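One-letter residues, chain by chain:
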Amino acid sequence: MPAAKRVPQVGFVSLGCPKALVDSERILTRLRAEGYAISPSYEGADLVVVNTCGFIDAAVEESLGAIGEALRENGRVIVTGCLGARKDTDGGGVIRRTHPGVLAVTGPHALQEVMSAVHAYLPKPHDPFADLVPAQGIKLTPRHYAYLKISEGCNHHCSFCIIPSLRGRLASRPAGEVMREAEGLVQAGVKELLVISQDTSAYGADLRYRTDFWGGRPLKTRMRELVAALGELGRSAAGQEGDAVWVRLHYVYPYAHVDDVIPLMAQGLILPYLDVPFQHASPRILRLMKRPASGEDNLARIRAWRAICPDITIRSTFIAGFPGETEGEFRELLDFLEEAQLDRVGCFAYSPVEGAAANALPRHVPDAAREERRARLMQLQEKISARRLRRRVGKTLRVLVDEAGPEGAVARSAADAPEIDGVVHIEDGAHLKAGEFAQVEVMRSDAHDLWARCEVPCGARGGARSAEPDAPRRLKIKESEISR
């Protein structure tokens with residue numbers, strides 16, 4: 001009897017944002033569908049794929065370090081992701097200059113190019129049963145939530161950003177295609193869909209909002225219609241338990257038509273949560289950034305959103321110390337935060353990115369001043385966040401459990417996106433399961449998190465499957481993590 005052929009093994013390292021994570025999931029899905037196994041170690045891998053990030057200098061350094069580690073430990077490395085699209089001042093690739101020994105380099109969302117490189121250096125195995133992978137594909141998130149990428153690229157030219165040069169112009173997925181993916185995820189047990197893109201508000205603009213089809217009915221490729229359909233899908237999946245799948249919106253530019261989705265939040269069709277990167281409040285700085293709207297426009301829009309949906313949670317990010325920013329303009333940003341009373345805020349000290357137009361602006365703020373302003377902003381926001389979270393003490397919340405153990409459970413409310421927001425600590429939640437919904441009463445709070453106790457667990461009692469811990473952005477994928 002002939003000896004069984006050894007299955008080719010591919011190691012995988014994934015870095016970067018949720019959009020890069022989705023790219024990693026698609027590559028892993030194809031690898032498994034074609035019969036490759038995923039190695040949990042460098043030693044057991046026939047080659048290693050590294051999905052990189054190249055947005056800011058720190059990410060470039062981390063990516064180059066990960067490539068170097070893979071070369072040292074394995075020697076056969078294929079590189080993909082945003083860093084693959086970055087060029088030196090002489091037009092050469094950053095990766096090839098630093099690590100000339102890599103087998104191949106591609107840019108982001110380059111599934112076919114990555115697979116072609118894998119085929120070239122590790123021939124595709126023949127296995128008639130190799131396409132027996134989960135219907136939802138290979139996911140790097142816990143089983144109960146998943147990122148749903150609705151488009152690639154961006155048509156904006158923000159002066160601090162090089163994403164369009166890395167990921168290209170806006171390319172929206174047809175609405176029917178997105179809905180079919182979402183349907184597969186829900187059928188696989190996903191309880192929360194996190195809608196992501198570079199610019200969620202612009203979804204469908206490149207396709208002129210053409211009509212597609214889902215479930216035999218027409219559906220426009222436009223943000224409001226897609227979001228409403230996702231909400232209806234989530235509600236239809238509730239079943240007898242009444243637990244609709246959560247739909248959460250990320251990366252929403254503050255355009256006027258965003259107002260159209262707020263009533264859907266007020267109706268409970270999607271989560272009352274909006275991730276809007278305002279970036280600044282000073283009109284002059286926003287013009288230098290080439291960002292839409294102004295601080296005054298955004299304050300008016302926030303007031304209007306809260307009038308329609310009082311429970312809305314608004315998250316945003318800001319840049320402190322942008323080139324030319326004066327102390328007075330930074331004060332405008334602090335005043336904006338005081339007035340806006342945003343629920344969740346992240347802030348970055350401005351970091352020059354090679355190739356960004358903002359590098360050529362005059363009067364760069366010294367490094368120490370940038371960091372000092374970032375710290376002041378976050379100190380103010382911590383006070384605002386603490387005040388806003390105190391209002392939840394004594395209230396009952398519906399939460400989604402992320403993990404549970406002998407000492408209790410960690411969950412998230414509608415106001416908490418995974419990885420970037422706070423959590424709800426359930427002190428008597430040891431009986432709960434990851435992926436389960438529960439009703440809790442909030443007992444206390446701090447500037448970031450809530451502490452609660454159980455009221456009545458709801459949802460799939462005893463039927464929720466335990467999920468693995470949240471995967472870090474950089475990881476070596478283990479076979480046990482994808483055989484689900």
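Located above this text is the structure these notes cover.
Our subject in this report is the structure included herewith.

### A look at the overall build of the chain
Now for step 1: When its secondary structure is counted, the chain shows 13 helices and 20 strands.
Now for step 2: By residue count, 56% of the 484 residues in the chain fall in the buried class.
Now for step 3: Split by element, the accessible area of the chain, about 20300 Å² in all, is 53% carbon and sulfur.

### Regarding unusual backbone geometry
Backbone geometry follows two general trends: most residues other than glycine have a negative phi, and most peptide bonds adopt the trans configuration.
Now for step 1: Within the chain, R208 stands out as a residue other than glycine whose phi angle is a positive 55°.
Now for step 2: With respect to the helices, strands and loops of the structure, R208 is situated in the loop between β9 (192–196) and β10 (211–214).
Now for step 3: Residue classification places R208 among the exposed positions, given a relative accessible area of 76%.

### Concerning the state of the cysteines
Now for step 1: One pass over the full model with this rule turns up zero disulfides.
Now for step 2: Residue C53 stays outside any disulfide, its sulfur separated by 6.0 Å from that of C82, the closest cysteine.

### Digging into the packing of helix α6 (residues 175–187) against helix α7 (residues 223–236)
Now for step 1: Where α6 meets α7, the axes come as close as 11 Å, and the angle between the chain directions of the two elements is 25°. Comparing their axes, α7 and α6 come out roughly parallel. In terms of crossing hand, the pair formed by α6 and α7 is right-handed. Residues A175, V178, M179, A182, E183 and V186 of α6 form the contact with α7, whose own contacting residues are L226, A229, L230 and L233.
Now for step 2: Residue composition of the contact of α6 with α7, by class: nine nonpolar, no polar and one charged.

### Description of helix α4 (residues 111–121)
Now for step 1: Within α4, burial applies to V114, M115, A117 and V118. Buried positions in α4, seen along its axis, are confined to an arc of 160° and lie on one side of it.

### Focus on the side chain of T80
Now for step 1: By the element assignment, T80 lies in strand β4 (residues 77–81).
Now for step 2: What makes T80 buried here is its relative accessible area of 3%.
Now for step 3: At 3.0 Å, the side chain of T80 and the backbone oxygen of G107 are in polar contact.
Now for step 4: Among all residues touching T80, those that are not within four sequence positions of it are I27, V49, V50, N51, T52, T106, G107, A110 and V114.

### Focus: the pairing of strand β3 (residues 47–52)
Now for step 1: Most of β3 sits inside the fold, with six of its six residues counted as buried.
Now for step 2: Burial of β3 is two-sided: the residues L47, V49 and N51 facing one way and the residues V48, V50 and T52 facing the other way are all buried.
Now for step 3: Where strand β1 (residues 9–14) and β3 come together, five bridges link them in parallel fashion. The residue bridging V13 from the neighbouring strand is V50, located in β3.
Now for step 4: By the bridge criterion, five bridges tie β3 to β4 in an arrangement that is parallel. Looking across to β4, one finds that V50 is bridged to V79.
Now for step 5: Handedness of the β-α-β unit built from β3, helix α2 (residues 57–73) and β4 comes out right-handed.

### Some words on α2
The periodicity of an α-helix, 3.6 residues per turn, causes residues three or four places apart in sequence to face the same way.
Now for step 1: An ideal rise of 1.5 Å per residue puts 24 Å on 17 residues; α2 measures up with 24 Å between its terminal C-alpha atoms.
Now for step 2: Just downstream of α2, G75 is the residue with a positive phi angle, here 100°.

### Notes on the environment of Q439
Now for step 1: Mapped onto the fold, Q439 is located in strand β19 (residues 437–445).
Now for step 2: Along the sequence, Q439 and E455 sit 16 residues apart, while their C-alpha atoms lie 5.4 Å from each other.

### With respect to the nonpolar core
Now for step 1: Core analysis: the largest hydrophobic core is formed by 69 residues, its most contacted members being L274, W305, F336 and L342.
Now for step 2: Counting residues per element, this core draws most heavily on α7, at seven residues.
Now for step 3: If you look at the next biggest cluster of nonpolar residues, it comprises 24 residues, including V10, Y36, V49 and L140.

### Section: the pattern of salt bridges
Now for step 1: Applying the stated rule across the entire model yields 29 salt bridges.
Now for step 2: The closest approach of N and O atoms between R217 and E232, which form a salt bridge, is 3.0 Å. With R217 in strand β11 (residues 217–220) and E232 in helix α7, the pair connects residues that are 15 residues apart, well separated along the chain.
Now for step 3: Residue classification places E232 among the partly exposed residues on the basis of a relative accessible area of 39%.
Now for step 4: Taking the shortest distance from any N to any O, the salt bridge between R284 and E329 comes out at 2.6 Å. On the criterion of sequence distance, the pair formed by R284 in helix α9 (residues 283–289) and E329 in helix α11 (residues 327–340) is long-range, its members being 45 residues apart.
Now for step 5: Among the residues examined, E329 registers a relative accessible area of 9% and is labelled buried.
Now for step 6: Counted as one network, the salt bridges with shared partners bring together E325, E327, E372, R373 and R376.

Calculation notes
- Residues numbered from 1 in each chain as written.
- Predicted model: local features only at pLDDT ≥ 70, side-chain atom pairs only at ≥ 80, totals over all residues.
- Heavy atoms only, no water.
- Helix = DSSP H or I, 4+ residues; strand = E, 2+ residues; numbered from the N terminus.
- Buried < 20%, exposed > 50% of the residue type's maximum accessible area, 1.4 Å probe, protein only.
- Areas by Shrake-Rupley, 256 points an atom, 1.4 Å probe, with all protein chains shown as cover.
- Disulfide = S-S within 2.5 Å.
- Axes fitted to C-alpha atoms, helices over the stretch in contact; angles between N-to-C directions.
- Parallel < 35°, antiparallel > 145°, perpendicular 65-115°, else oblique.
- Left-handed = near helix turned anticlockwise from the far one by under 90°.
- Contact = heavy atoms within 4.5 Å.
- Nonpolar A, V, L, I, M, F, W, Y, C, P; charged D, E, K, R; others polar.
- Arc of directions from axis to C-beta.
- Polar contact = N/O pair within 3.5 Å; in protein donor to acceptor, adjacent residues only side chain to side chain.
- Pairing = 2+ DSSP bridges.
- Right-handed = clockwise from strand over helix to strand, strands pointing away.
- Expected span 1.5 Å × (residues − 1).
- Core = buried A, V, L, I, M, F, W, Y, C linked by side-chain atoms within 4.5 Å.
- Salt bridge = Lys/Arg side-chain N within 4 Å of Asp/Glu carboxyl O.

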